[in-house]
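Given next are the chains, with one letter for each unit.
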Amino acid sequence: MDPHHLRLLRELGERGSVAAVARAVHITPSAVSQQLNTLQRSARVPLTERHGRRLVLTPAGRALAAAAVEVMAALDRAARAVGDHLDAPDAPVSVAAFHSAGLTWFAPLIRWLAETGGPPVRCADEDVAHADFPALVGDYDLVLAHRLAQSPLWPADRLTVIGLIAEPLYVAMSAGHPLAARERLTAADAGAWPWISVHEGFPLEGVLAVIAASAGHPLDIRHRINDFTVAASVVAAGEALALLPGLTSVPDPRLVLRPLADLPATRHIDILARPETLHRAAVRTVVRTLQDLVTQH
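Predicted, not measured: the structure shown is a model, and the values here were computed from it. (Residues numbered from 1 in each chain as written. Predicted model: local features only at pLDDT ≥ 70, side-chain atom pairs only at ≥ 80, totals over all residues. Heavy atoms only, no water.)

Undergrad: Kindly report on the overall build of the chain, identifying the contributing residues and their values.
TA: Counting its regular elements, the chain contains nine helices and eleven strands. Seen through its principal axes, the chain has C-alpha atoms that stretch 70 × 50 × 30 Å. In the chain, which comprises 297 residues, the proportion classed as buried is 48%. Taking contacts inside the chain between residues at least 6 apart in sequence as the whole, the part at least 24 apart equals 75%. Accessible surface for the chain amounts to roughly 14,200 Å². Of this, 55% is attributable to carbon and sulfur atoms. Charge separation in the chain, taken as the distance between the mean sites of 27 positive and 30 negative side-chain charges, equals 5 Å. (Helix = DSSP H or I, 4+ residues; strand = E, 2+ residues; numbered from the N terminus. Buried < 20%, exposed > 50% of the residue type's maximum accessible area, 1.4 Å probe, protein only. Contact = heavy atoms within 4.5 Å. Areas by Shrake-Rupley, 256 points an atom, 1.4 Å probe, with all protein chains shown as cover. Lys, Arg positive; Asp, Glu negative; His and termini not counted. Charge placed at Lys NZ, Arg CZ, Asp CG, Glu CD.)

This is how it looks when you write it as structure tokens:
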């Protein structure tokens, strides 16, 4: 089997359409289809099938795509075995992060690498739903992603996951809010007030659902705001509550943050990457730098 054809099969499984694969690998959709047909002729069972107008992987296709991850990683190791000198330590590394992680670590990451002679980084903010983080590794070397403790784990069969930090989540309120005098809150306390939520599908929404269940009634969701800085400004201006991270939030004297006594809330921040990406020395340097920044935060 041609490794290039295996890569196209893997990309189809991860990107979901022939058109998306074509854009990613810079060839035409018809060329993608032709090469997948060539791969199919070498297999004894169907690798793809039609679901409406979309081409999707069959169970056999998914199994082969998973094996392709190992093939690509092995080929990458073999190519790099020629010599470490082929892996330039100053090659640019692309890093994507959700908003609060980017706000906290992009600037010090750029500065620290510049001061220590590390590789240049190309940073991008990507505010996506929980389920969409794994797909970003096709476009960036490293992806900073977050998930709740009870969220599904990242797909380790096609990703390398490096745990970065477990961050507590607190209930934020204005400094003059009636709940601000309490050191700890219960879900019933918090559930009695209006709330600011993230948009549907984003990680912190799950904590609000648990608060509502513990309080015994749906929360009064007044606003849906993903950016924590914007949410904080709205919290400071009124009676609405919001969840804010305890380590990556921008300090604001207009706010107080309180933990939930009966419902500990935590989000995990992880680095996601394709396995073969971490064979690059420059990428490993950026990972180590991020780990050092988190330790010092």
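Undergrad: So what's going on with the packing of helix H2 (residues 18-25) against helix H3 (residues 29-41)? Which residues, and what values?
TA: Two numbers describe how H2 lies on H3: the axes approach to 8 Å, and their chain directions differ by 105°. By the angle between their axes, H2 is roughly perpendicular relative to H3. Taken together, the residues of H3 that come into contact with H2 (itself represented by Val-18, Val-21 and Ala-22) are Pro-29, Val-32 and Ser-33. (Axes fitted to C-alpha atoms, helices over the stretch in contact; angles between N-to-C directions. Parallel < 35°, antiparallel > 145°, perpendicular 65-115°, else oblique.)

Undergrad: Give me the lowdown on the packing of helix H1 (residues 3-15) against H3, citing residues and values where you can.
TA: Where H1 contacts H3, the axes come no closer than 9 Å and their chain directions differ by 110°. By the angle class used here, H1 and H3 are roughly perpendicular. The element H1 and its partner H3 pack so that their crossing is left-handed. Two secondary-structure elements touch here, H1 through His-4, His-5, Leu-6, Leu-8, Leu-9 and Leu-12 and H3 through Val-32, Gln-35, Leu-36, Thr-38 and Leu-39. Taken together, the residues of the contact of H1 with H3 sort by class into seven nonpolar, four polar and no charged. (Left-handed = near helix turned anticlockwise from the far one by under 90°. Nonpolar A, V, L, I, M, F, W, Y, C, P; charged D, E, K, R; others polar.)

Undergrad: Run through the nonpolar core, naming residues and quoting values.
TA: Formed by 38 residues in total, the largest nonpolar core has its most connected members in Trp-105, Phe-133, Leu-142 and Val-286. Contributions of two or more residues to this core are made by strand E3 (93-97), helix H5 (99-115), strand E4 (121-125), strand E5 (142-148), strand E6 (160-174), strand E11 (266-273) and helix H9 (281-296). Looking at this core, the element that brings in the most residues is H9, giving seven residues. With sequence-adjacent residues up to four places away left out, Phe-133 is seen in contact with Phe-98, Glu-126, Val-128, Val-143, Leu-144, Ala-145, His-146, Trp-154 and Leu-272. One finds Ala-172, Ile-225, Phe-228 and Leu-243 within the second-largest nonpolar core, a separate group that totals 36 residues. (Core = buried A, V, L, I, M, F, W, Y, C linked by side-chain atoms within 4.5 Å.)

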